[in-house]
Structure formats: C-alpha cells, structure tokens
Amino acid sequence: NAGVTQTPKFQVLKTGQSMTLQCAQDMNHEYMSWYRQDPGMGLRLIHYSVGAGITDQGEVPNGYNVSRSTTEDFPLRLLSAAPSQTSVYFCASSYGVQGATYEQYFGPGTRLTVT
Amino acid sequence: ILNVEQSPQSLHVQEGDSTNFTCSFPSSNFYALHWYRWETAKSPEALFVMTLNGDEKKKGRISATLNTKEGYSYLYIKGSQPEDSATYLCAFSSNAGNMLTFGGGTRLMVKP
C-alpha cells in the first residue's frame, strides 16, 4: 500500500492564483481531512470528509474548498491564494466515519509559498 | 475553538533520562485523545488513541495515561534515546468525534 500520497511536494504561487492540492489514499478509509501547519500554531483542521459526497468545515476553512467524489481522493482547492496561506499542508485519513476516534494516517505534506 | 495545551513546549534531556509531558484538554464532551510522534522532515505517526477515563497504553518504552474527568493526559518515555528526539503532539476529539484539535506539541531533544 502507498498509504496517503500528496502532490505536489512544493509549490510557489503568486497572490490571486488558484491551485489544487491533491490527496489520495489506498486504504479504503472513509474519513479524510486537511490540516495546515504553521510555526507556533500546531496542526489546524481546514476541512474534513466522512465519506464520498460528504464534506464539512474545520477550524480554518476560509479560502479553501474541498470535494469528495470518490473514497480515494480528497483534493483541496485554493480559490485565490493569499500570503496568509503560506504553510505546510497535510492530508490525513482514518478508518470509520467517526474518523477522529481512530488513528490518523498522514501524507508527506505539501509546502506552499504564496508571494 | 477548543483549547488543547501541551507542556512543556520543549525539553532537553540526556540519554537514559526518563521524561514526561502533559496534554490538557476540555473535560466536557470528551470523545478521544490521540498522541502522535513527529520527526523532523517526516509526517506525524500515531502512538496511541485513548477513549476511556483511566486508560493506560504502552508501546515499548513509551506509555500514556488519560484522565478525562480533570482533562489531562501524560506521555512518559522511559530511558530516553537519541532516536526519541521528535515533537510529540496530542489531539482531542469531542462530541461526535469528527474533528481533531491538536495541541502545539512538545519538542523533545535527547543528547547522547
């Protein structure tokens, strides 16, 4: 199993550009989520999904969209990038629809810089 | 926004020392408490998930306890080794268990 994969690993955007961060898992996990990690802030939940077709907002959803058309994929879209979105983004998945009850499997992360 | 606090923020110990960290979380509407180990340039990896008051979990030299009534969990490392150097994160889930709130982490550095 590849586990949780994320692409790209690094990305530089200009303010106002849009892009999609890709996340895929091959463990048939129902629960998937996106976090951002900023110095001194820990991991903060952006959006999560408890299954295909179901998404919900986390702690810091503004400026981001998600969709879940398949169990495997959970892309994160930045609609109009801002310097405040410079961060490291982690995708995670876990077993079960109450996914925060189970251990999270994290992807390798995407380092995004917005200039 | 739930408040999950970890202390200390960082810790330097000598090889062979035993150490412990604290995670404080809201004592109401508890659902689950997670501990993760995060090495530099890698992704967080799960150590423990605890759901019941009084839970104690152990993996090798690392163990954790949980007190949901007073809202804290301890992570213990016995006989620290340089390879234990990492950031240790705790995360709290309440109510329906769909959202995890992470603490800021404790960075452990073990000197040979």
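Above this text is the structure in question.
Scope of this entry: the structure provided in the associated data block. Note that this is a predicted model, so its numbers are computed, not measured.

## A word on the packing of aromatic side chains
Thought 1: Summed over all chains, the structure comprises 16 aromatic pairs over all chains.
Thought 2: On the numbers, 5.9 Å between centres and 45° between planes, the contact of A:Tyr35 with A:Phe106 is tilted. One end of the pair, A:Tyr35, is in strand 4 (residues 31-38); the other, A:Phe106, is in strand 10 (residues 105-106), and 71 residues separate them in sequence. Across the pair, exposure class does not vary: A:Tyr35 and A:Phe106 are buried alike.
Thought 3: Their ring planes at 40° and their centres at 5.0 Å tell us that B:Tyr72 and B:Tyr74 sit as a pair that is tilted.
Thought 4: Looking at A:Arg68, its charged tip hangs above the ring of A:Phe74, at a distance of 6.0 Å from the centre.
Thought 5: Between the NZ or CZ atom of B:Lys59 and the centre of the ring of B:Phe48, over which it lies, the distance is 6.0 Å.

## What to know about the sheet that holds strand 7 (residues 64-66) of chain A
All names here are of chain A.
Thought 1: The 4 strands are arranged 1-3-8-7 in an open sheet whose pairing can be described as antiparallel. Because the sheet does not close on itself, it has two edges, and the strands there are strand 1 (4-7) and strand 7. Ignoring which end each strand starts from, the neighbouring axes of this sheet average 20° apart.
Thought 2: As defined by bridge partners, strand 7 adjoins strand 8 (residues 76-78) across 3 bridges and the pair is classed as antiparallel. Looking at strand 8, one finds that Val66 is bridged to Leu76.

## Side note on empty space enclosed by the protein
Residue and element names in this part refer to chain B.
Thought 1: Per the counting criterion, the structure on display carries 1 cavity of 30 Å³ or more.
Thought 2: Taken as a whole, the largest cavity holds about 40 Å³ of empty space.
Thought 3: Lining the largest cavity, in full, are Arg37, Trp38, Glu39, Lys42, Ser43 and Glu45.
Thought 4: Per-class residue counts for the lining of the largest cavity are 1 nonpolar, 1 polar and 4 charged.

## Focus: the interface of chain A and chain B
Thought 1: Every contact between the two is made by 23 residues of chain A and, on the other side, 21 residues of chain B.
Thought 2: Of the roughly 1,700 Å² buried between chain A and chain B on both sides combined, carbon and sulfur atoms contribute 62%.
Thought 3: Its largest share of buried area at the contact with chain B, chain A owes to A:Leu43, A:Ala100 and A:Thr101, together 30% of the area lost on that side.
Thought 4: At the junction of chain A with chain B, the criterion picks out 0 salt bridges.
Thought 5: At the junction of chain A and chain B, the tally comes to 3 residue pairs in polar contact (both at pLDDT 80 or more).
Thought 6: Elements with a minimum of two residues in the side of chain A that touches chain B: strand 4 and strand 5 (42-51) of chain A.
Thought 7: Tallying contributions element by element places strand 5 of chain A first for the side of chain A that touches chain B, with 5 residues.

Definitions and cut-offs
Residues numbered from 1 in each chain as written. Chains lettered and ligands numbered in written order. Predicted model: local features only at pLDDT ≥ 70, side-chain atom pairs only at ≥ 80, totals over all residues. Heavy atoms only, no water. Phe/Tyr/Trp six-rings, centres within 6.5 Å; stacked < 30°, edge-to-face > 60°. Helix = DSSP H or I, 4+ residues; strand = E, 2+ residues; numbered from the N terminus. Buried < 20%, exposed > 50% of the residue type's maximum accessible area, 1.4 Å probe, protein only. Lys NZ or Arg CZ within 6 Å of the ring centre and 35° of its normal. Pairing = 2+ DSSP bridges. Axes fitted to C-alpha atoms, helices over the stretch in contact; angles between N-to-C directions. 1 Å grid on protein atoms, 1.4 Å probe; cavity = no way out; pocket = protein on both sides within 12 Å on 5 of 7 lines; lining within 4 Å. Points joined across faces, edges and corners; volume = space filled by probe spheres on them. Nonpolar A, V, L, I, M, F, W, Y, C, P; charged D, E, K, R; others polar. Contact = heavy atoms within 4.5 Å. Buried area = accessible area lost by both parts, 1.4 Å probe. Salt bridge = Lys/Arg side-chain N within 4 Å of Asp/Glu carboxyl O. Polar contact = N/O pair within 3.5 Å; in protein donor to acceptor, adjacent residues only side chain to side chain.

Note that all results are geometric; they support no functional claim without further evidence.
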